[in-house]
Amino acid sequence: MTKTYSMPKDFYWGGASAANQYEGGYQEGGKGLNAIDVLTNGSATEPRKVTWKTPDGKTGTTAMTWGNEFKLPEGAKPALLDGYYYPSHEGTDFYHHYKEDIKYMADMDFNMFRLSLNWSRILPNGDDEKPNEEGLAFYDKVFDECAKYGIEPLVTLSHYETPLSLINRFGGWKDRKMIDIFVHYADIVMNHYKGKVKYWLTFNEINAMDMAPYMGGGLIDGSKQNRAQGAHNQFVASSKVVKLAHEIDQSNQVGQMLAYSAYYPYTADPADQILVMKAKQEMLFYSDVQTGGRYPEYRLKQYERDGIKLDDKPEDYELIKNYPADFLSFSCYTSNVLTTHEADAKANGNVSAGGVKNPYLAYNAWGWATDPDVLRIALNDLWDRYHKPLFIVENGLGWGDELTEDHKVHDDYRINYLRAQIKSMEEAVNEDGIPLMGYTMWSAIDLVSNGTGEMKKRYGFVYVDRDDKGNGSLKRYPKDSFNWYKKVIASHGEDLD
């Protein structure tokens, strides 16, 4: 019989979201445009595209794919164009459904909801001296609704929502001006929401600066130099915000948010082990700085080899050292396999469009492996390296859910996935002694897939009637996983049947 565990009574259970995928209302309430408002829909086989315009009136698109450098044509700036579908404009309309959606979360017994502020809803140009009061008021209503049900907000300041005005004027986070602009934004919202919000994250998946520089840093030229500078500027900004947050309210806690994946070597060849080591360094560089408080030697040597020169100041490194993240939060959905023996893997049927496949794991239609032990591996890896409190703020399964004629969604595949993930998490806590603050599953309510811009790749406990072209009633329908997760929370994680 499988041993089951319960989690501590003060453990945070909940769900997560992002404004650019969920909120909608892109032109309502005085909101300005952001990076994702000019990003089209896509699919598993067709990348999302940034639409742009040049000063002489030429228009076009540039594909945005994870893991590749990104660069718009010379002189081009991101812009809205006729004839394209931009899923962020309406998302799944949390802007008009927030009361209904938070009630669903309360019905599942959430005690935490992770969401992001749409930066350009607060400061339409990103650096306005005074905030948009209508934008502040919207989130006041959201936080008050959460408080009504005893749900603690976990708020991300920048979840790929760099204001478009800052991108077009400064080229995004490659410019040091962005540091103080971001601190000004944080100062406004942390003071305004004092007493309503005490858990903050600065940058969602900060290592997206390397993997998707337009999303992660608003970079329209994602060269190695610009990515390095953009990351440095975000590190300094984050440390300044940690310092500021503690000054505003001693109860404030400011976390890092890292995109984490476990990496496995395909063979016992030492060359495969080195490949895995280097992939982990690429990923953990961001937490080595933002949570660990220092630039690691391996990254400095890489910059030396690549000829990268940072526009930095001595005090940057003092800030990074003295004001690291209070806790380390992370997303973790799957694991990846790396090898120098791709021909052998291909001969054995273990290579797909998504890369080398793990023969011991099942895969979904988008090429993501379902790894039942990945959270335990992640938690041990991160705790051993940093010894800071940990928080799983994204973990979930994207799937082509189907709504039946009687408005049901039988998502046993999601329940099976989450059962294994939560068991893995509980083993890390109860068998390995890892301090874990909470778990916010991605996502509470269906929203637009970030990677593909689709609706059919669904993640939520609640189905939203919306298709890939923006058609549908936006009506909400709880899935089978809704009641299952409610039962898990009620038992503090012990009842996973």
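Residues numbered from 1 in each chain as written. Predicted model: local features only at pLDDT ≥ 70, side-chain atom pairs only at ≥ 80, totals over all residues. Heavy atoms only, no water.

K.L.:
Provide a residue-level description of the sheet that holds strand 2 (residues 48–53), including the pertinent values.
P.N.:
Overall, antiparallel pairing links the three strands, which are arranged 3-2-4 in an open sheet. Both outer strands of the open sheet, strand 3 (59–64) and strand 4 (77–78), are each paired with one neighbouring strand and no more. One ladder, built from two bridges, connects strand 2 with strand 4; its direction is antiparallel. Each residue of the ladder has a partner; that of Trp52, found in strand 4, is Pro78. (Pairing = 2+ DSSP bridges. Helix = DSSP H or I, 4+ residues; strand = E, 2+ residues; numbered from the N terminus.)

K.L.:
An account of the nonpolar core is requested, with residue identities and associated values reported.
P.N.:
Nonpolar side chains in soluble globular proteins generally cluster together in the buried interior. Within the largest apolar cluster, 123 residues are counted, with the highest numbers of intra-cluster contacts made by Met425, Tyr439 and Tyr485. For Met425, the contacting residues outside a window of four places in its chain are Met7, Phe11, Trp13, Leu375, Leu379, Ile392, Leu436 and Tyr439. Ranked by size, the runner-up nonpolar core spans 18 residues in total, among them Ala35, Leu72, Ala212 and Ile220. (Core = buried A, V, L, I, M, F, W, Y, C linked by side-chain atoms within 4.5 Å. Buried < 20%, exposed > 50% of the residue type's maximum accessible area, 1.4 Å probe, protein only. Contact = heavy atoms within 4.5 Å.)

K.L.:
Explain the pairing of strand 6 (residues 152–158) to me, and be specific about the residues and the numbers.
P.N.:
Burial analysis of strand 6 places six of its seven residues in the buried class, the great majority of the element. As paired elements, strand 5 (residues 112–116) and strand 6 share five bridges and run parallel to each other. Of the residues in strand 6, the one forming a bridge with Met112 is Glu152. With four bridges connecting them, strand 6 and strand 7 (residues 199–203) associate as parallel partners. Counterpart to Ser158 in the pairing with strand 7 is Phe203.

K.L.:
Describe the UniProt feature "active site" (unreviewed entry) in the chain, naming the residues involved and giving the relevant values.
P.N.:
The residues that UniProt annotates with the feature "active site" (unreviewed entry) are Glu394. Here Glu394 shows up in strand 16 (residues 390–394). Among all residues touching Glu394, those that are not within four sequence positions of it are Arg114, His159, Asn204, Glu205, Met257, Phe330, Ser331, Cys332, Tyr333, Thr440 and Trp442. There is a polar contact of 2.9 Å between the side chain of Glu394 and the side chain of Arg114. (UniProt positions renumbered as here; feature names shortened; annotations may be inferred. Polar contact = N/O pair within 3.5 Å; in protein donor to acceptor, adjacent residues only side chain to side chain.)

K.L.:
Give me the side chain of Ser165: which residues, what numbers.
P.N.:
Residue placement: Ser165 occurs in helix 5 (residues 164–170). Residue Ser165 is classed as buried on the basis of its relative accessible area, which comes to 18%.

K.L.:
Describe in detail the packing of helix 14 (residues 374–386) against helix 15 (residues 412–430), supporting the description with residues and values.
P.N.:
Their axes nearest at 7 Å, the elements helix 14 and helix 15 cross at an angle of 35°. Note that helix 14 runs across helix 15; the crossing there is right-handed. On helix 15, the residues that touch Val374, Leu375, Arg376, Leu379 and Asn380 of helix 14 are Gln421, Ser424, Met425, Glu427 and Ala428. Here the residues of the contact of helix 14 with helix 15 sort into five nonpolar, three polar and two charged. (Axes fitted to C-alpha atoms, helices over the stretch in contact; angles between N-to-C directions. Left-handed = near helix turned anticlockwise from the far one by under 90°. Nonpolar A, V, L, I, M, F, W, Y, C, P; charged D, E, K, R; others polar.)

K.L.:
Please give an account of helix 11 (residues 297–306) that cites residues and values.
P.N.:
Listed in full, the buried residues belonging to helix 11 are Tyr298, Arg299, Gln302 and Tyr303. Summarising the axial view, the buried residues of helix 11 lie within an arc of 140°, below the 170-degree limit, and thus occupy one face. Residues of helix 11 that are buried make contact with helix 7 (208–211), helix 9 (224–248), helix 10 (270–290) and helix 14. After helix 11 finishes, the residue Gly307 shows a positive phi value of roughly 70°. (Arc of directions from axis to C-beta.)

K.L.:
Break down the pattern of salt bridges for me, citing the residues and quoting the values.
P.N.:
For the structure on display, the rule yields 36 salt bridges. Here Arg227 ties to Glu69 by a salt bridge, and the two come within 3.0 Å at their closest N and O atoms. With Arg227 in helix 9 and Glu69 in the loop between strand 3 and strand 4, the pair connects residues that are 158 residues apart, well separated along the chain. For Asp446, the salt bridge is made with Arg458, and the minimal N-O distance between the two is 2.7 Å. Within this pair, whereas Asp446 is found in the loop between strand 17 (436–442) and strand 18 (462–464), its partner Arg458 is found in the loop between strand 17 and strand 18, the two being separated by twelve residues in sequence. For Asp446, a relative accessible area of 0% puts it in the buried group. (Salt bridge = Lys/Arg side-chain N within 4 Å of Asp/Glu carboxyl O.)

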